[in-house]
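Spelled out from the first residue to the last, the chains are:
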Amino acid sequence: MRAEQNQLLTQTDPGTPMGELFRRYWLPALLADELPEPDCAPVRVRMLGEKLIAFRDTQNRLGLMDEFCAHRGVSLWFGRNEEGGLRCSYHGWKYDASGQCVEIPSEPGNPKLCQRVKLKSYPLVERGGVLWTYMGPPESRPPLPEHEWAMVPAANRFISKRWQECNWLQAMEGGIDSSHVSFLHRHTMKVDPMFKGATQSHKYNLGDLAPHFEVVESPGGLYIGARRNAENDRYYWRITQYVLPSFTLIPPRGDHPIGGHCWVPIDDENCWAWSTNHHATRALTREEREAMEAGKGIHVPLIPGTFRPVANKDNDYLMDRRAQTEGRSFSGVEGFAMQDASVQESMGPIQDRTKENLVPTDKGIIMARRLLIAGAEGVAKGIRPPGVDPAHTRVRSASVILPKDVAFQEAAERALLPEPGSAHATV
Ligand code: FES
Ligand SMILES: [Fe+2]
């Protein structure tokens, strides 16, 4: 990869090609419970290189706007959320949820001045336990996405987010790189509660350690198939979904909920890693929910009051060399999420892709990069990229057994769609 291509893929500030691509999608901005009630404390939001402030006003309207007061640039995080707007604590200028200035206390006789002042603002809409925003041109704004995890009843899902200290792309590339699972996560698979009882899938996973990968384009991104041998001349397929710009779904194991991720750039050297679990047809069990709340599965224990993991780069992710040498952990880091974060952050804030050596198991990554570059180039020409249409977000991951002579994406066609009322396809 050339240095310019790496820059194109990794830079998402306003005005960059990848930044413009990201600004064609609804993206998760906050967990709904970060703004729990009218007039609650405002929250700083950093996304795509922009510094924003989110708040819920007295009438329950949600606002997401420039963090800094138009008067002399004070952060509105220090403001007062009162009587239908956010008031700067320096000289009392007040803004409504659309960013419109509604009061300049020192200029009561000059309403025109007030009308002229408006902060940059973006829509903020609640769906599925998440507050979503769209930061692109209003005329290109699509309907809200319909990722299944956001559409099921609240009892059927669990969502968390964590701060990851590296560029979004190297984090996301881990999500579509199925080949690392047998190494980095090898031991964790055996003990994690989200894997319990999925004996069939374990048998196939452990019985064939050299899976064959096939990646094909889907309407919104990629189907990433990992194929292993099963009995009676058949294959066991694990099919990951990738939907642009950065949504993934992990193939399920047994009746356990489907896991998924979304990576949202904070700036070029930091990102949010959103982690979701959902079940299409039943509520999560108490055991499952408690495990997720405790930071098991794809979730992590966080430093209270923050989204920073307890295990982080300042403490070398609490790496346990003994667990590594005694075979209790492949990498010595505990838990799927921090195993991923530790290796990805170790690449540096932005991986230098001019030095990498890709092999056939990196096919999903290569194809995703191509789609992203083509998507960004298309946006510059006014072409709508894949994954914007809500229909493209209505997909499921699946694990299925198929005859040897069929194309997996065709034979598993129905398993890859979230048909209402149907459970996920799994073994
Ligand atoms: S800086 Fe905000 S009111 Fe003066
Ligand atoms: Fe991983």
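Here goes a summary of the coordinates provided. (Residues numbered from 1 in each chain as written. Chains lettered and ligands numbered in written order. Predicted model: local features only at pLDDT ≥ 70, side-chain atom pairs only at ≥ 80, totals over all residues. Heavy atoms only, no water.)

Remarks on the nonpolar core
In this structure, Leu30, Leu35, Leu124, Met172, Tyr242 and Leu372 are the most contacted members of the largest nonpolar core, which totals 65 residues. Setting aside residues up to four positions removed in sequence, Leu372 forms contacts with Leu9, Met18, Leu21, Trp168, Leu169, Met172, Tyr242, Leu244 and Pro245. (Core = buried A, V, L, I, M, F, W, Y, C linked by side-chain atoms within 4.5 Å. Buried < 20%, exposed > 50% of the residue type's maximum accessible area, 1.4 Å probe, protein only. Contact = heavy atoms within 4.5 Å.)

Focus on the side chain of Arg253
Summarising the element assignment, Arg253 is placed in the loop between strand 16 (247-250) and strand 17 (258-267). In contact with Arg253, not counting residues within four places along its chain, are Met189, Phe195, Ala198, Ser201, Asn205, Tyr236, Arg238, Thr426 and Val427. (Helix = DSSP H or I, 4+ residues; strand = E, 2+ residues; numbered from the N terminus.)

Re the pattern of salt bridges
Applying the stated criterion to the full structure yields 30 salt bridges. The partner of Asp233 in a salt bridge is Lys404, and the shortest N-O contact between them spans 3.6 Å. On the criterion of sequence distance, the pair formed by Asp233 in the loop between strand 14 (221-229) and strand 15 (234-243) and Lys404 in the loop between strand 19 (398-403) and helix 14 (408-411) is long-range, its members being 171 residues apart. When its relative accessible area of 36% is taken as the criterion, Lys404 is described as partly exposed. A salt bridge links Arg414 to Glu419, with the nearest nitrogen and oxygen atoms 3.0 Å apart. Note on Arg414: relative accessible area 61%, which makes it exposed. Salt bridges here are not isolated pairs; linked through shared partners, they connect Arg80, Glu82, Arg87 and Glu103. (Salt bridge = Lys/Arg side-chain N within 4 Å of Asp/Glu carboxyl O.)

Describing the sheet that holds strand 8 (residues 101-103)
Taken together, the four strands give an open sheet; going across it, the order is 5-6-7-8, and neighbouring strands pair in antiparallel fashion. Edge positions in the sheet fall to strand 5 (80-82) and strand 8, since each of these pairs with one other strand and no more. Two strands pair when backbone bridges link them, and strand 7 (residues 94-95) and strand 8 are joined in this way by two bridges, in the antiparallel orientation. The partner of Tyr95 across the bridge, within strand 8, is Cys101. (Pairing = 2+ DSSP bridges.)

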